[in-house]
Structure formats: structure tokens, C-alpha cells
Amino acid sequence: EAASVVTCIDGYQMAKKGRAGAALAIAAIGSFIAGTVSIIGMTFFAPPLAEFALDFGPPEYFALTSLGLLLAVFLSGGSIIKGLIIICVGLLLAMVGLDTISGKIRFTFGSTGLQGGFDFVTLAMGVFGLGEILYNLETTLKAELVTRKIGKVFPTMQDWADSKWAIFRGSAIGFFIGIIPGGGAVISSLTSYALEKRWAKHPETFGHGAIEGVAGPESANNAASSSSFIPLLTLGIPGNASIAMIFAALMIQGITPGPFLVVEHPDVFWGVIASMYLGNGMLLVLNLPLVGLWVQMLRVPYGILAPVIVLFTTIGVYSVQNQVFDIYSMLFFAVIGYGMRKLDFDPAPLPLAFVLGPMVERSLRQSLLISGGDPAIFVTRPISGTLIAIFVLLIAGQCILSIKRKMGGKKKSVNP
């Protein structure tokens, strides 16, 4: 599932260490806390926050998505150059298909299957699913995994101490990103992971089983799923594909989401919020008792588990559009994922660049059309100007840190 891709990075590493139970439990509890926080926030702050989201035009979206791409570079581990390369690959892949503004077909090389572009699920399944399987065929690590003792199923007190602030930060990030139409769970989970890695005392543990890398993104995507109802219920603006389906369902029932929903249909408005409280409670009821059951899947021999994974990923990819071409695309992305692992590239920034790529391009071109080609539109508007300033400050801060590290390295070499 797209919003959970980033959770697999550290959750999978925790499973290798016999801590799959702790990862599953902290993900469920973090999702419950974040969902509850988001629903409470939606109850009290929906109207004013929706008005703020309405102020986001193309320049603001460009500044926000550019900031997201910069954060994606921070996801790339230690090498900024490798991160930039992966971002560029993601942007190029996102440009394949129909240009939504001019209507032209780009980078399809005569293939009709590419006219609609690549699907995110296909990319995620190929890079993180089949790509991982291809890489593990060269190692014996999986064989060790099934014979290793699984250990404690639930998180320890140290796990709580390490993940509590990640849960609350992820809740806040997801809540505010979910309000913005087009934000959604995918962007919030990836942004949360990037920030947790940036602020961590030991960022080198991310990608190797850091529990904050599970708690933060899972909290963020659940909070965003709840807060994405705010623009729908108060402004009648569906923020993503899932909310658009709910929008259509309400319209079929003769209910028009918007500013008058709470007045004309208070039973629907408050009924939706009440159902979200109940659903959030059921999340714990259905997840925590079954953690031990899901952990036992690790005991399945890899010779059996790997073909099952391939089967389910293939079925999942085919079911999106019922096209065999998507299966070939998944194999293509599997080779890319395998190549990145072999060359020591962190694949985490790739899905974020792929998701944000169309938004960056579309908002940039729309902004320049509005301003008649004048780039000053990005700095003269308050919200976009603030986001651009943050963008510049982050780059400047990264440059200063790099210079200090190099100077510190030279001093150590001079004075051994």
C-alpha cells in the first residue's frame, strides 16, 4: 500500500532482528494515537483550517512540493549526490505519458501502454517488492531469519521512549499535510520519515531498524487520512482519490459536501466524525491481538514465502488497471530496485519524487501562466514566499554543515 512503503524500510529491518512484533504493535498504536489526535483537531479546527488550505494556489503548491523534494534528498542517507540522482530518476519516470496541460504524449517511444504513464503501485511493488527479492537471492540472510527466535511481540519501555515524540510529530505533520488538497497519506508519511531521520540523535540507524522510522510515518499517514476529510466536509473539495469516492457517494445520496453541510445535514457531518472515533478504536481491537499471528509468518521458509510474495505483488499490480503491461512495468522497476541496492543507492526518495513530480511540473507551469512568465510570483505571495525562504535556508544550512565537516576533517588530518 503506497502510504506504507516508507514504513517497510525500517520495519523490515526490525523483522530481520526478530522484532517484527514490536514494529507491528508500535505501528498500530501510533496510528491509533495519530488518528485520535487528527479527529479531535478536525472536530474543533475544521472550518478555519479549511479556509487556510483554500489559500493554496499553484505558486504555493510549487513551493511546497519543491520543499518536499528537498526533504527527499535528505532521505538518501549520507550521499547528497546519490539522493539527487534518485530524485532525477523519479522525476523522469513521472514525466512519462500524457502532458496534462498541453495534451502531448511524452517519452512513450511509441508504446500505447505508456501513454497513461507509470502507476505508483507498479513502481512501489517493483522497487520494494520484487527488487528486494532479487537482491536477497544472492544472500542467505532470509534462511537465517526463519530459524531465529522471534523474541518479544510487544514494544519495550525503551521502544516507547524512542518513538513517543516521533508519533506526536508524525501526527502533527500528517494532520496539516492532509488538510491541503493533494497532500494525503503518501506525502505525509514520506515527509515524516525524512524529518525524523533529520532530527534523530542517531540518523545512521535509519534504514537498519530504527523504530522511529516506523512510528513516525505510520502516525503521519493515519493522521492525514483523517484530516483529509476537512476540505471535503467544509469546502466540498476532495483532496485525493479515496476522498473523491466518498464525495461521489454523498452526491449519490443527494448530499452536497460544502460549507452548508453542517447546517443542512448535521447528522451526516457529526455522524462521519463519530464513526471515525469508533473506527479508530476498532483499529486497536483488530490489530494488537493479531500481532502474534502475523509475526509467525516469519517462520515460513523463504523458498515458500518468496513465490507467494511474487504472486501477490503480481495480482496486486494487475488488479489496478487489469493490464498485462503493468506486470512488465513492475519487472522493469524490479531491475531498477535491484540495481540501486547493488550500487548502494537508497531507494526511499524515488517514490516521493515520483509522486511529487507531476505536482511540481503542473504547479510551476500554471504559476508561470498566471504571472505571464514572471518567476517573482513565487516570492511575492506570502505563503509561497515563506516556503521558498525555508527551502533556501535548508540548502544554506546543509552547505554550512558540509563546510564545517570538511574543515573538521582537515584539522584532524593535520593534527593526528
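Rules behind the numbers
- Residues numbered from 1 in each chain as written.
- Predicted model: local features only at pLDDT ≥ 70, side-chain atom pairs only at ≥ 80, totals over all residues.
- Heavy atoms only, no water.
- Helix = DSSP H or I, 4+ residues; strand = E, 2+ residues; numbered from the N terminus.
- Contact = heavy atoms within 4.5 Å.
- Core = buried A, V, L, I, M, F, W, Y, C linked by side-chain atoms within 4.5 Å.
- Buried < 20%, exposed > 50% of the residue type's maximum accessible area, 1.4 Å probe, protein only.
- Axes fitted to C-alpha atoms, helices over the stretch in contact; angles between N-to-C directions.
- Parallel < 35°, antiparallel > 145°, perpendicular 65-115°, else oblique.
- Left-handed = near helix turned anticlockwise from the far one by under 90°.
- Nonpolar A, V, L, I, M, F, W, Y, C, P; charged D, E, K, R; others polar.
- Patch = residues over 30% accessible without salt bridge, like charges linked within 9 Å, V, L, I, M, F, W, Y side chains within 5 Å.
- Areas by Shrake-Rupley, 256 points an atom, 1.4 Å probe, with all protein chains shown as cover.
- Salt bridge = Lys/Arg side-chain N within 4 Å of Asp/Glu carboxyl O.
- Phe/Tyr/Trp six-rings, centres within 6.5 Å; stacked < 30°, edge-to-face > 60°.
- Lys NZ or Arg CZ within 6 Å of the ring centre and 35° of its normal.

So what about the overall build of the chain? Which residues, and what values?
Looking only at helices and strands, the chain features 19 helices and two strands. Long-range pairs, those at least 24 residues apart, make up 79% of the contacts in the chain between residues at least 6 apart in sequence.

With reference to specific residues and values, describe the nonpolar core.
Judged by nonpolar contacts, the single largest core of 50 residues is most densely connected at Leu-93, Phe-118, Leu-123, Leu-350, Phe-354 and Leu-356. Excluding its chain neighbours within four sequence positions, the residues that come into contact with Phe-118 are Leu-93, Val-96, Ser-329, Phe-332, Phe-333 and Phe-354.

How would you summarise the packing of helix α7 (residues 157–179) against helix α9 (residues 212–227) if you had to cite specific residues and measurements?
Between α7 and α9, whose axes approach to 7 Å, the crossing angle comes to 30 degrees. Put simply, α7 runs roughly parallel to α9. Both α7 and α9 take part in a crossing whose hand is right-handed. On α9, the residues touching Asp-162, Ser-163, Ala-166, Ile-167, Gly-170, Ser-171, Gly-174, Phe-175, Gly-178 and Ile-179 of α7 are Glu-212, Ala-215, Gly-216, Ser-219, Ala-220, Ala-223, Ala-224 and Ser-227. Residue composition of the contact of α7 with α9, by class: eight nonpolar, eight polar and two charged.

Account for a nonpolar patch on the surface, with residues named and values stated.
On the surface, Leu-24, Leu-290, Leu-293, Trp-294 and Met-297 cluster together into a nonpolar patch covering about 460 Å² of accessible area. Among the secondary structure elements, Leu-293 is positioned in helix α14 (residues 291–295).

Please set out the pattern of salt bridges residue by residue, giving values where relevant.
Tallying each qualifying case throughout the model produces five salt bridges. For Arg-381, the salt bridge identified is with Glu-60, shortest N-O distance 2.9 Å. You can see Arg-381 sitting in the loop between α18 (377–380) and α19 (382–414) and its partner Glu-60 sitting in helix α3 (residues 58–74), a full 321 residues away along the chain. Since its relative accessible area comes to 31%, Arg-381 is described here as partly exposed. For Glu-60, a relative accessible area of 2% corresponds to the buried category. The structure contains a network of salt bridges with shared partners spanning Asp-99, Arg-106, Glu-361 and Arg-365.

Any details on the packing of aromatic side chains? Residues and values, ideally.
This model, assessed by the stated rule, comprises eight aromatic pairs. Between Phe-62 and Phe-378 the ring centres are 4.7 Å apart and the planes differ by 45 degrees, which places this aromatic pair in the tilted class. Taken as a pair, Phe-62 in helix α3 and Phe-378 in helix α18 lie far apart in primary sequence, 316 residues in all. Classification of Phe-378 as buried rests on a relative accessible area of 8%. Considering the side-chain rings of Tyr-193 and Phe-206, the 5.6 Å spacing of their centres and the 75 degrees angle between planes classify their relative orientation as edge-to-face. Of this pair, Tyr-193 sits in helix α8 (residues 184–199) while Phe-206 sits in the loop between α8 and α9, and the two are 13 residues apart along the sequence. Take Phe-206: its relative accessible area is 6%, and that puts it in the buried class. In this structure an aromatic cluster arises from ring pairing among Phe-118, Phe-332 and Phe-333. The ring of Phe-345 carries Lys-82 above its face, with NZ or CZ at 5.2 Å from the centroid.

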